[in-house]
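If you want the building blocks of each chain, they are given just below.
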Amino acid sequence: MWQAKEEADRANSAKSDFLAQMSHELRTPLNAITGYLYMLSNTSLDDTQKRYCTNINTASENLLGLINNVLDFSKIESGSLQLEYTDFDLVKLISDTYSIMESTAIAKDIPLRLDISGNLPNFVCGDPLRLRQVLVNLIGNAVKFTDRGEVVFSCKCQETKGRSVVIMFSVSDSGEGIPQDRLESIFEPFIQSDAGVTRRHGGTGLGLPISQSIVKAASGGKYSIEVTSQLGKGSCFSFLMPFDIAEPSQAQNENDTSQGVPVEKAVILLVDDNSVNLDIESEILGTYGLQVDTADSGSKAIEYCNSHSPDMIILDLHMPDMDGYETARHIRELPDFGLTPIIALTADVVSGIEQKAYEAGMDGYISKPFRPDDLRKMIYKHLHIRREMPEKATEQGDEVFDCVACLDALGGSKSILFDIIKRFISEHGSDQKYICQHIEAGNYMNARIILHDVIGISGNLCCRKLHESAKALSDILKSDAPQNADTKDFEEQWEKAVSRLEEFLQLDDDSMVQNAESQKNSQLVKELLDLCKAFDISAAEYFQQHRAEFKECMEKTKFRQLEEYINRYDLLSITQSEDLWR
């Protein structure tokens, strides 16, 4: 029996080592694929090429998700799943998760509703990445298995004792439901509710088992994911998770970028022994406006640091002559390098890697393949790079809606700005009303969730007065006296900004109509519509013959919509869609 246990332990150890090595070998080429794809997507592409890039990106994300799930499952099997405990903004995590999953729901035309009740704390101590992983999995499943109705993401303060709180998270849907005899087995690895699910929706059957293990680990085995379901009516997945209430200043300081290095002056030393990775990573860093120097080994990085003073070092851990840990320790021993941020970048994601990186004197850790935005955020965080708009622009631009600055940020693309404004008005037009209603009812957390989106969107649209007013209102709601919040200025700035944005849309519509008429494109459109009204399939051939002319005279998103209708031979939609020809 003892011998059998020894052999089982050796087998498990060998399996873990194999998975760790395979993960590294798979992630390294995947990093190059996603990196070059990011660079390619930022070049001038036609619509077909953009579609190819989108499909490649989706496939890459799915492959990365599969690799991560297999690795997480391996950690769970070996009992090495470790949770991080750090202070974080719970409201921001809930809001960001909702925003991320809302786009998935919109793509299926399924409403995703957020419902918050109870007095949730602003800041808590726990593992934000693992919590987000569970929520994204549950919401993603709900959207995936729902074809009509809605999905509701709920958060409720269940219990508060001193500096501890227990929060209930739940995700309910109106989807197809789960048979009663399958409710227990769905938490087993590689199991789904029936074989047809895998054929229709895909998936490995690892998401729920991993999420269940995270919830149990975070609660010390006290809580687990519970599920109720009724065939044809939907399901509800819920779980409790305990947190310690954190001090606001500690969590807020992590996002403080008010002081620091101007982006165009920051010098980054990038160290990687793989020439392909070195090439793509340096190009990506260059797109952020950073100055990048490179080294292809640990010894060359140390030699560089003896004569240069970079603002940050990004260091691959897996190098042949001197690994990243040893390189970091040597750099830390050099004069004036005690506080230089060093970020670990590696395809190794087995447990203990992050801890070893910190012990070697590194400040952060990001795994390959990385999302360019994740790397940018980490760089900004550690360098405290300013992200606000330059003061000059603020002084000269329109405070209500700075159209010039907004167009400049979008590379001069009026059609993209036109689309963003239309989406803002259609998807967030009632936000001001809902915020005021929540504040009046004392639901301050709900108001903050909506304000979080308003602050981000108004900033991106260069509606500075609205941005400042929304931020000030949010700060009051975060304080110890949210009942003192006065919405008068926010309501005024909202009305002014929305009115100005609607004026811009009207001007933009008029200019497009004039442009179409000046180029005598009305006859082109008329002939296509005549063919479509007669349900003549030669409309598709006519469109292909004049594709370039349609593309030139139409707004980009409307042209793509028209092309999609043509490809589906949906001639009726072409004749009935008024927005298409505005």
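Here, every reference points to the structure presented above.
Small disclaimer: the values here were computed from a predicted structure and weren't measured. Per-chain numbering applies: the sequence of each chain, read as written, is numbered from 1 onward. Under the rules for a predicted model, residues below a pLDDT of 70 receive no local features and side-chain atom pairs below 80 are neither given nor counted, while totals for whole chains, interfaces and linings still include all residues. As a rule here, side-chain values come from all non-hydrogen atoms in the structure, and water together with hydrogens is ignored.

Q: Hey, could you run me through the overall build of the protein chain in this one?
A: By definition, any uninterrupted DSSP run of H or I lasting at least four residues is a helix, any uninterrupted run of E lasting at least two residues is a strand, and each is numbered from the N terminus. Counting secondary structure elements, the protein chain contains 24 helices and 12 strands. Under the scheme applied here, a residue whose accessible area is under 20% of the maximum for its type counts as buried, over 50% as exposed, and between as partly exposed, the area being computed with a 1.4 Å probe on protein chains only. Scored against the burial criterion, the 582 residues of the protein chain give a buried share of 45%. Two residues form a contact once any of their heavy atoms are found within 4.5 Å. In the protein chain, once contacts between residues fewer than 6 apart in sequence are set aside, the share between residues at least 24 apart is 70%. What sets the accessible areas is the Shrake-Rupley method with a 1.4 Å probe; for residues, cover comes only from the shown protein chains. Total accessible area on the protein chain is roughly 30,000 Å²; 50% of this is exposed by carbon and sulfur atoms.

Q: What is the right way to read the pattern of salt bridges from this model?
A: Pairs can form between side chains of opposite charge once their charged atoms are near each other. For this document, the term salt bridge refers to a Lys or Arg side-chain nitrogen within 4 Å of an Asp or Glu carboxyl oxygen. For the coordinates displayed, the defined rule picks out nine salt bridges. Ionic pairing is found between Arg-113 and Glu-150, a salt bridge with its closest N-O pair at 3.2 Å. On the criterion of sequence distance, the pair formed by Arg-113 in strand S2 (residues 112-117) and Glu-150 in the loop between helix H4 (128-144) and strand S4 (151-161) is long-range, its members being 37 residues apart. Here Arg-113 falls in the partly exposed class, since its relative accessible area comes to 39%. Of the charged contacts, one joins Asp-296 and Lys-300 as a salt bridge, the two residues approaching to 3.2 Å between their closest N and O atoms. Overall, Asp-296 belongs to the partly exposed group, its relative accessible area being 36%. By relative accessible area, Lys-300 is classed as partly exposed at 44%.

Q: How do you make sense of the layout of surface pockets when you look at a structure like this?
A: Once rolled over the atoms, a probe with the size of a water molecule shows which space is left empty. Here the second largest pocket defines a volume of roughly 640 Å³. With five residues, the top contributor of residues to the lining of the second largest pocket is S2. Each residue is assigned to one of three groups, with Ala, Val, Leu, Ile, Met, Phe, Trp, Tyr, Cys and Pro labelled nonpolar, Asp, Glu, Lys and Arg labelled charged, and all others, Gly among them, labelled polar. A class-by-class count of the residues in the lining of the second largest pocket yields 11 nonpolar, six polar and seven charged. Think of a 1 Å grid over the protein atoms and nothing else: a 1.4 Å probe that fits but is trapped marks a cavity, an open set flanked by protein within 12 Å on at least five of seven lines marks a pocket, and residues with an atom within 4 Å of a point count as lining. Grid points are joined across faces, edges and corners, and a volume is the space filled by probe spheres set on the points.

Q: Whenever I open this one, helix H3 (residues 90-107) confuses me. Can you help?
A: Helical periodicity: at 3.6 residues per turn, an α-helix aligns residues three or four positions apart in one direction. Its 18 residues place the ends of H3 26 Å apart at the C-alpha level, agreeing with the 26 Å of an ideal helix rising 1.5 Å per residue. A 3.5 Å cut-off defines polar contacts: any pair of N or O atoms within that distance qualifies, except that in protein one atom must be a possible hydrogen donor and the other a possible acceptor, and neighbouring residues in sequence count only when both atoms are side-chain atoms. Structurally, the start of H3 carries an N-cap: the backbone nitrogen of Val-91 is 3.1 Å from a side-chain oxygen of Asp-89. Asp-109, located one to two residues past H3, shows a positive phi value of around 60°. Expected helix span is taken as 1.5 Å per residue step, with the number of steps being one fewer than the number of residues.

Q: I'm lost on the nonpolar core in this one. Help?
A: Soluble globular proteins: nonpolar side chains tend toward being buried together. Here the nonpolar core consists of buried residues drawn from Ala, Val, Leu, Ile, Met, Phe, Trp, Tyr and Cys, with membership extended through side-chain atoms lying within 4.5 Å. In this structure, Ile-94, Leu-131, Phe-153, Phe-169, Phe-237, Phe-239 and Phe-243 are the most contacted members of the largest nonpolar core, which totals 48 residues. If we skip the residues at most four places from it in the chain, Phe-153 touches Ile-94, Leu-112, Arg-113, Leu-114, Asp-115, Leu-135, Ile-139, Phe-169, Ser-170 and Val-171.

Q: I keep staring at the pairing of strand S7 (residues 234-245) and nothing clicks. Help me out?
A: Side-chain direction in a regular strand flips from residue to residue, so the side chains alternate between the two faces of the sheet. Strands are treated as partners if at least two bridges between them are detected by DSSP. Pairing between strand S3 (residues 123-126) and S7: two bridges, direction antiparallel. Counterpart to Cys-125 in the pairing with S7 is Asp-244. One ladder, built from nine bridges, connects strand S5 (residues 164-173) with S7; its direction is antiparallel. Opposite Ser-164, over in S7, you have Asp-244 as the bridge partner. Bridge count between strand S6 (residues 226-230) and S7: five bridges; the pairing is antiparallel. Pairing of Thr-228 across the sheet is with Cys-236, part of S7. With antiparallel pairing between neighbouring strands as the criterion, S6 and S7 make up a hairpin whose turn holds three residues, including Gly-232 at a positive phi of roughly 80°.

Q: Hey, could you run me through the side chain of Ser-170 in this one?
A: As for its placement among the helices and strands, Ser-170 is situated in strand S5. When its relative accessible area of 13% is taken as the criterion, Ser-170 is described as buried. Excluding residues that lie within four positions of it along the chain, Ser-170 makes contacts with Val-152, Phe-153, Ser-154, Cys-236, Phe-237 and Ser-238.

Q: Looking at this model, I keep getting lost on the sheet that holds strand S9 (residues 291-295). Mind explaining?
A: Within a sheet, adjacent strands bond to each other through the backbone by hydrogen bonds, running parallel or antiparallel. The sheet built from five strands is open, its strands ordered S9-S8-S10-S11-S12 with parallel pairing. Only two strands of the sheet have a single neighbouring strand rather than two, namely S9 and strand S12 (364-367). Strand-to-strand, the axes of this sheet are offset by a mean angle of 20°, without reference to chain direction. Only the contacting stretch of a helix is used when fitting its axis, a line to C-alpha atoms as for every element, and angles between N-to-C directions run 0 to 180 degrees. Packed on one face of the sheet, helix H10 (residues 324-333) meets strand S10 (312-316) and strand S11 (342-346) and runs near 155° to S10.

Q: Even after reading the chapter, I still don't get H10, so can you show me in this structure?
A: Taken residue by residue, H10 has Gly-324, Tyr-325, Thr-327, Ala-328, Ile-331 and Arg-332 as its buried positions. Down the axis of H10, the buried side of the element spans an arc of 160°, and every buried residue falls inside it. Where the residues of H10 are buried, they touch helix H9 (298-305), S10, S11 and helix H11 (353-359). Its side-chain oxygen 3.2 Å from the backbone nitrogen of Tyr-325, Asp-323 forms the N-cap of H10. The reported arc concerns the directions from the helix axis to the C-beta atoms and nothing else.

Q: In this structure, what is going on with the packing of helix H21 (residues 538-545) against helix H23 (residues 556-567)? I would like to understand it.
A: The geometry of a pair of packed helices is captured by two quantities: the angle between their axes and the separation between those axes. H23 packs onto H21 with a crossing angle of 140° between their chain directions and a minimal axis gap of 9 Å. Between H21 and H23, the crossing angle belongs to the class labelled oblique. Our pair here, H21 against H23, has a crossing hand that is left-handed. Here H21 contributes Ala-539, Ala-540, Phe-543 and Gln-544 to the contact with H23, which in turn contributes Phe-559, Leu-562, Glu-563, Ile-566 and Asn-567. Its residues placed into classes, the contact of H21 with H23 shows six nonpolar, two polar and one charged. Reported orientations rely on four angle classes, namely roughly parallel under 35 degrees, roughly antiparallel over 145, roughly perpendicular from 65 to 115, and oblique for the rest. Crossings are sorted by hand: turned counterclockwise from the far helix by less than a right angle, the near helix makes the crossing left-handed, and turned clockwise it makes it right-handed.

Q: Just to check I follow, could you spell out a nonpolar patch on the surface for this structure?
A: Among the surface-exposed residues, Ile-33, Tyr-52 and Ile-56 lie close enough to one another that they form a single nonpolar patch of about 290 Å² accessible area. One can find Tyr-52 in helix H2 (residues 47-78). To count toward a patch, a residue needs a relative accessible area over 30% and no salt bridge; like charges are then connected within 9 Å, while nonpolar side chains (Val, Leu, Ile, Met, Phe, Trp, Tyr) are connected within 5 Å.

Q: So what exactly am I meant to see when it comes to the packing of H9 against H10 here?
A: Running from N to C, H9 and H10 cross one another at 15°; their axes reach a closest spacing of 9 Å. It follows that H9 is roughly parallel to H10 by the angle criterion. The interaxial crossing formed by H9 with H10 has right-handed handedness. Contacts between H9 and H10 involve Gly-298, Ala-301, Ile-302 and Cys-305 from the former and Thr-327, His-330 and Ile-331 from the latter.

Q: Help me understand the packing of aromatic side chains, please; the structure alone is not making it clear to me.
A: Centre-to-centre distance and the angle between the planes together describe a pair of aromatic rings. Centre distance within 6.5 Å is the pairing criterion for rings of Phe, Tyr and Trp, where only the six-membered ring of Trp is used; planes under 30 degrees apart are then read as stacked, over 60 as edge-to-face, and the remainder as tilted. By the definition in use, this model includes seven aromatic pairs. Centroid distance Phe-401 to Phe-504: 5.6 Å. Interplanar angle 75°. Geometry classified as edge-to-face. A residue pair is termed long-range when its members are at least 10 positions apart, and Phe-401 in the loop between helix H13 (391-396) and helix H14 (403-409) and Phe-504 in helix H19 (residues 488-518) qualify at 103 residues. Judged by its relative accessible area of 5%, Phe-401 falls in the buried class. Taken together, the aromatic side chains of Phe-424, Phe-490 and Trp-494 make up a single cluster linked through ring pairs.

Q: What exactly am I supposed to notice about the environment of Tyr-444 here?
A: One can find Tyr-444 in helix H17 (residues 444-460). A relative accessible area of 22% places Tyr-444 in the partly exposed class. Taking the C-alpha atoms as reference points, Tyr-444 and Lys-478, separated by 34 residues in sequence, lie 8.5 Å from one another. If near-sequence neighbours (up to four positions away) are discounted, Tyr-444 is found in contact with His-438, Ile-439, Leu-477, Pro-482 and Gln-483.

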